[in-house]
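For reference, the chains in residue letters:
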Amino acid sequence: MAQADGHILTSADRERRSVLDEYGLLPQEPAASPSDSANATAARALNFLVDLAAKLCGVPYSVVNIVTPEHQVQLAAAGLEPGLCAREDSMCAKVFQQGQTTVVPDASADPRFAANPFVTGEIASVRFYASSPLQTSSGFVLGSLCVFSDGPAVISAEQVAMLDVLAAQVVEVLELQHRTLQLQQALEELGRSNRKLAEFAGRVSHDLRIPLTTILGYVELSEDDEDIRPGGPAAMYLQRIGGSGRRMLSVLDEVLSYSQVGGMLRPQPVSLRAAVAAAVSDLGDGFGNTALDCEDSELTADPAQLRTLLQNLLGNAFNYRRPGHDLKVRVYTLADDRGVTLRVSDNGKGIDAADRERVLEPLVRLHRPGDAPGSGLGLATCVRIVRSHGGELSLTETPGGGTTVSALFPKGGPGGSD
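Residues numbered from 1 in each chain as written. Predicted model: local features only at pLDDT ≥ 70, side-chain atom pairs only at ≥ 80, totals over all residues. Heavy atoms only, no water.

Q: What is the right way to look at the overall build of the protein chain in this model?
A: Of regular secondary structure, the protein chain possesses 9 helices and 15 strands. Here the protein chain holds 418 residues, and 43% of them are scored as buried. Counting contacts in the protein chain only where the partners sit at least 6 residues apart, residues at least 24 apart contribute 61% of the total. Accessible surface computed for the protein chain: about 22200 Å², of which carbon and sulfur atoms make up 52%. (Helix = DSSP H or I, 4+ residues; strand = E, 2+ residues; numbered from the N terminus. Buried < 20%, exposed > 50% of the residue type's maximum accessible area, 1.4 Å probe, protein only. Contact = heavy atoms within 4.5 Å. Areas by Shrake-Rupley, 256 points an atom, 1.4 Å probe, with all protein chains shown as cover.)

Q: Mind showing me how you'd approach a nonpolar patch on the surface here?
A: A surface patch of nonpolar side chains, about 220 Å² in accessible area, is lined by Leu56, Met162 and Val165. Within the element layout of this structure, leucine 56 appears in helix α2 (residues 40–57). (Patch = residues over 30% accessible without salt bridge, like charges linked within 9 Å, V, L, I, M, F, W, Y side chains within 5 Å. Salt bridge = Lys/Arg side-chain N within 4 Å of Asp/Glu carboxyl O.)

Q: Just checking my understanding: could you explain the side chain of aspartate 302 for this structure?
A: The residue aspartate 302 is located in the loop between β11 (298–301) and α8 (303–319) in this model. Although aspartate 302 is buried, it makes no salt bridge; arginine 266 carries the closest opposite charge, 5.2 Å away. In this structure the side chain of aspartate 302 is engaged in a polar contact, spanning 3.1 Å, whose partner is the backbone nitrogen of alanine 304. (Lys, Arg positive; Asp, Glu negative; His and termini not counted. Polar contact = N/O pair within 3.5 Å; in protein donor to acceptor, adjacent residues only side chain to side chain.)

Q: Explanation requested: the sheet that holds strand β13 (residues 339–346) in the structure shown.
A: Sheets are built from strands paired through backbone hydrogen bonds, the pairs being either parallel or antiparallel. Ordered in space as β10-β12-β13-β15-β14, the 5 strands form an open sheet in which the pairing is mixed. Only two strands of the sheet have a single partner each, and these edge strands are β10 (291–294) and β14 (393–397). Strand-to-strand twist of the sheet, defined as the mean angle between neighbouring strand axes without regard to direction, takes the value 15 degrees. Examined bridge by bridge, β10 and strand β12 (residues 328–335) share 4 bridges and lie parallel to one another. Counted as the bridge partner of cysteine 294 is valine 331 from β12. Across the sheet, helix α7 (residues 272–283) is in contact with β10, β12 and β13; its angle to β10 comes to roughly 150 degrees. Against the sheet, helix α9 (residues 378–388) engages β14 and β15 (403–410), with an angle of about 130 degrees to β14. (Pairing = 2+ DSSP bridges. Axes fitted to C-alpha atoms, helices over the stretch in contact; angles between N-to-C directions.)

Q: Would you mind showing me how to read the nonpolar core here?
A: One broad trend across soluble globular proteins is that nonpolar side chains are buried collectively. Within the largest apolar cluster, 35 residues are counted, with the highest numbers of intra-cluster contacts made by Ile66, Leu134, Leu142 and Leu145. Residue assignment for this core shows that the elements contributing at least two residues are α1 (11–22), α2, β3 (61–67), β4 (71–78), β7 (128–135), β8 (141–149) and α5 (157–223). When residues of this core are assigned to their parent elements, the largest contribution, 8 residues, is made by α5. Every residue in contact with leucine 134, bar those within four places of it in the chain, is listed here: Val64, Asn65, Ile66, Phe140, Val141, Leu142, Gly143, Ser144, Leu145, Ala167, Val170 and Val171. Core analysis: the second largest hydrophobic core is formed by 33 residues, Val270, Leu313, Val344 and Ile351 among them. (Core = buried A, V, L, I, M, F, W, Y, C linked by side-chain atoms within 4.5 Å.)

Q: Got a minute to help me understand the packing of α8 against α9 in this structure?
A: Contact geometry of α8 with α9 gives a least axis separation of 9 Å together with a crossing angle of 150 degrees. Once α8 is placed against α9, the crossing between them reads as left-handed. Here Gln305, Thr308, Leu309, Asn312, Leu313 and Asn316 of α8 come into contact with α9, specifically with Gly378, Leu379, Thr381, Cys382, Ile385, Val386 and Ser388. In terms of residue class, the contact of α8 with α9 is made up of 6 nonpolar, 7 polar and no charged. (Left-handed = near helix turned anticlockwise from the far one by under 90°. Nonpolar A, V, L, I, M, F, W, Y, C, P; charged D, E, K, R; others polar.)

Q: Any chance you could explain the sheet that holds strand β6 (residues 102–104) here in plain terms?
A: Taken in spatial order, the 6 strands of this open sheet run β5-β4-β3-β8-β7-β6, and their pairing is antiparallel. At either end of the open sheet lies a strand with only one pairing partner, and these are β5 (84–86) and β6. Along the sheet, successive strands turn relative to each other by an average axial angle of 20 degrees, direction set aside. With 6 bridges connecting them, β3 and β4 associate as antiparallel partners. Counterpart to isoleucine 66 in the pairing with β4 is valine 73. Where α2 meets the sheet, its contacts fall on β3, β4 and β8, and the angle it forms with β4 comes to roughly 75 degrees.

Below is the structure:
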């Protein structure tokens, strides 16, 4: 069996430590303040509940106790400062796992508590004592909500019922804290994973780019060789090798761009018209002949990532235009209580409703007749950019045909709050 601070840990103790650690309820060290285990929001809610418990039961003291294998940790208290004591000295530790509320009119006359240091005067002089277990939906008991006083007392059945209701509310607060902690850990792990992905993609891109550019260099030299007859088989083979190599370079660039999205954001007010102009410039002269309508509005985003987003969306509109129709693209924003939604609408080939969720995933292409070649990472990159800003991206049909991409940039940035 394991040992901690001189305390022999049973398998049940180890399980208790593990669960409490998941909830963020273990003190960092034996002398740690209980506030180290509760975030500020949870602490305010718990302080309100213990104060309410004391008032409803007509006693001066109320405490939320978490029972670890070695200690009793007071997360919140009314009428006294929260503290920490050894588990063997705890009154709640003796009864919190009995599955019912404990009510003791005079602890000095109860054989379970008469010799307890909280009753004898060694630590306190508790007489009236009542506690309700803090039981989670899984059946695990974290500790108890207790109320007590220095003199004997009794409480009504209604007051006992209210104590149980407040104990359930304490559990709700701790469950919320638990889910928040899980989310923070997941976000931290996601950040680590994204950094590793970017590093790996960067190394692979670098390692592949060098031999690939060497091959393309020799292809260009061979194409200029006087011994290579234009239009002959060798020239045709070189043309195919060069085309394949350049496509591979393009895929490498897109993989690297996809892996680097969502890093350190620097959101700031950005002119939509200026961002679109920069993206069009990136796309080259071919896109310049498109009928592009862009409103002059402003949104808050990372300028570089917004430019990449627009470049991908405008590039898709150009690559998947409808045969026999002049391409028309409209870029505009809509503001509401959630934030600002950027919309890019085209009159192109469109995307069937059944495929709109699927094409947002990495490396998914529809392979429709006449579609331009691609890596299947453009829209996936757009999704990552929008999500890194705390928003969401969706596809709908443009009235009359085509695709409308909606990207929500929430108020307050990635946190989604003002």
